[in-house]
Each structure stands twice: as structure tokens, then as C-alpha cells.
Amino acid sequence: MICRERVGELVECARRPSEPGPELRAHLAGCTNCRNRWEAEKDLAAALESCGIERRPGASRTGVARL
Amino acid sequence: MQRSDEELYRLMRKGNQEAFAQLYERREPALYRYALHITGSPVTAEEVAHEVFLQLMAPVARFDAAKGSLESFLYGIARNLIRVARRQGQVEEVVDQAFEHDILGDLIQSETTAALYRTVRELPERYRDVIILCELEERSYEDVARLIGRPIGTVRSRLHRARALLSAKLKRLQTPAEVF
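Residues numbered from 1 in each chain as written. Chains lettered and ligands numbered in written order. Predicted model: local features only at pLDDT ≥ 70, side-chain atom pairs only at ≥ 80, totals over all residues.

**Details of the overall build of chain B**
In step 1: Secondary structure assignment for chain B yields nine helices and zero strands.
In step 2: Listing every helix and strand of chain B by position from the N terminus yields α-α-α-α-α-α-α-α-α.
In step 3: When burial is assessed residue by residue, chain B has 36% of its 180 residues classed as buried.
In step 4: In chain B, of all internal contacts separated by at least 6 residues, the share reaching a separation of at least 24 is 62%. (Helix = DSSP H or I, 4+ residues; strand = E, 2+ residues; numbered from the N terminus. Buried ≥ 20, exposed ≤ 12 C-beta atoms within 10 Å, placed from the backbone. Contact = placed C-beta atoms within 7 Å.)

**What to know about the nonpolar core**
In step 1: Ranked by size, the top nonpolar core spans 51 residues in total, and within it B:Leu31, B:Ala35, B:Val48, B:Val52, B:Ala78, B:Val130 and B:Val144 carry the most contacts.
In step 2: Two domains each donate at least three residues to this core, and these are domain 1 (1–107) and domain 2 (108–174) of chain B. (Core = buried A, V, L, I, M, F, W, Y, C linked by C-beta atoms within 7 Å. Domains from an automatic or database assignment.)

**Here's the deal with the packing of helix 1 (residues 4–15) of chain A against helix 9 (residues 152–174) of chain B**
In step 1: The interhelical angle for the contact between helix 1 of chain A and helix 9 of chain B, taken along N-to-C directions, is 75°, at an axis separation of 10 Å. Taken together, helix 1 of chain A and helix 9 of chain B sit at an angle that is classed as roughly perpendicular. Along the contact surface, helix 1 of chain A presents A:Val7, A:Gly8 and A:Val11, while helix 9 of chain B presents B:Arg156, B:Leu159, B:His160 and B:Arg163.
In step 2: Among the residues making up the contact of helix 1 of chain A with helix 9 of chain B, the classes are represented as three nonpolar, two polar and two charged. (Axes fitted to C-alpha atoms, helices over the stretch in contact; angles between N-to-C directions. Parallel < 35°, antiparallel > 145°, perpendicular 65-115°, else oblique. Nonpolar A, V, L, I, M, F, W, Y, C, P; charged D, E, K, R; others polar.)

As far as function goes, none of this settles anything; it's purely spatial.
See the structure below:
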């Protein structure tokens, strides 16, 4: 099990993205579960980064006209 | 100074078409993307976004500013419409077609991304919504809390859980099945 109090910190570091601070780094060095979660969070952040649906050009005024 | 959604809505109810156009331009694109993320179908997403504004224009006004923001109200309508579309089987049927015909091909660049979209859609609604709004739409926790009508702490905890679920599902997809 991952250490509950660390989850938020790991997620926020992966989302920003930024490297964990000294205290969290020290924890990761000694905790396999949290280290695995950290790796998974970084992978997920990279995958999410490549997503996104662009706004359709010129869709809005066309839509208003339809209503 | 930019008018708030609620001001535009009040003007719209009095027959001001420009106010309605402004409101539509401001909110429709994100509602469309939200519906597209969930359904995977541009057609359904278009219909949902369109129907949201039709309902907003209905003669009997259901929006009550005392109960929350107009934006939150619009997302609520969209969620209900998407639920109906899913119950009617419209969503699942068109998802695969959308990918087969490469409708999103220009936007979805890799298999991993396509898998990610599918996996997001398969998440339970409470987790799916926070992933879409926080991660794909990059809305703040405060915004998302307002939009889904839950405390910020709930948004955070749902996001943490959602990311863990998403990560585990993606990992399973990426791991080749064992051959016996």
C-alpha cells in the first residue's frame, strides 16, 4: 500500500510537473510502493500531456445561428 | 468590463440576442469538448452542446442563481443529456465508428492517446469528470468544485483516485497478455 499522506504530494509534483522536494525524495528512496506510484504518476502525466481536443474553429457563431 | 454569465443570462431572458450569442461563444466550446471527451462521438457532442442551449432558452427558466453558477447549471444539463445518450446506447455505438473512420485522427496522435481516451470514458462518472475537467480541460480545483457541486477536498481525493485507476488500467493495456 502507498503511504496515504504522500499521495497528494506525489500527484501534485507529477501534475506541475516538478521534482519532489528533499523530504519526499528521501521517502521515495526507502519506499518501493511510493516509488512505483511516483513512476506511474509521471507516466500518466506524460500521457495526459499529449491529450487535448482543440476548439473547433468558427463553430460558435455557426451554432448560434442554428438555434 | 466583461459581463458575467448570469448577467448575460438575465439579458438573454429579456430577449437580448447578442447576450445569448456571447454566452454561447463563451461556454459552448468547453461543453462540446466535455461531451466529446465522455462520448468520443463528435456528433453526440455537438448534439449535447446544442441541446444544452436549447434547454437554457426554454420558455420556463429553470436556472436559479441562488443554487449555483450558470456554468455549473450548464454542465449539469450536459451531464444529464450524456447519461440519457448512454442509456439509449448512442454513445457506445458511435465511439468505435469515430475512431474507425478516423474522425478524431488528426487530434489523437498515438495508440496510447486513443487508449487513454477510451480508458477515461470507462471510468466511473465521479472519477471521469474530475479527470476531464482537471486534466484535459486544465480547470482549477476551485472551478471543478463549483462545476460538480462538491467541496475542493472531494475534487482532490477523487482526482487522486481517478489517476490511480487510470494509471492501473493503462498499465494493463500496455502489458502484453501472457501466452500459456
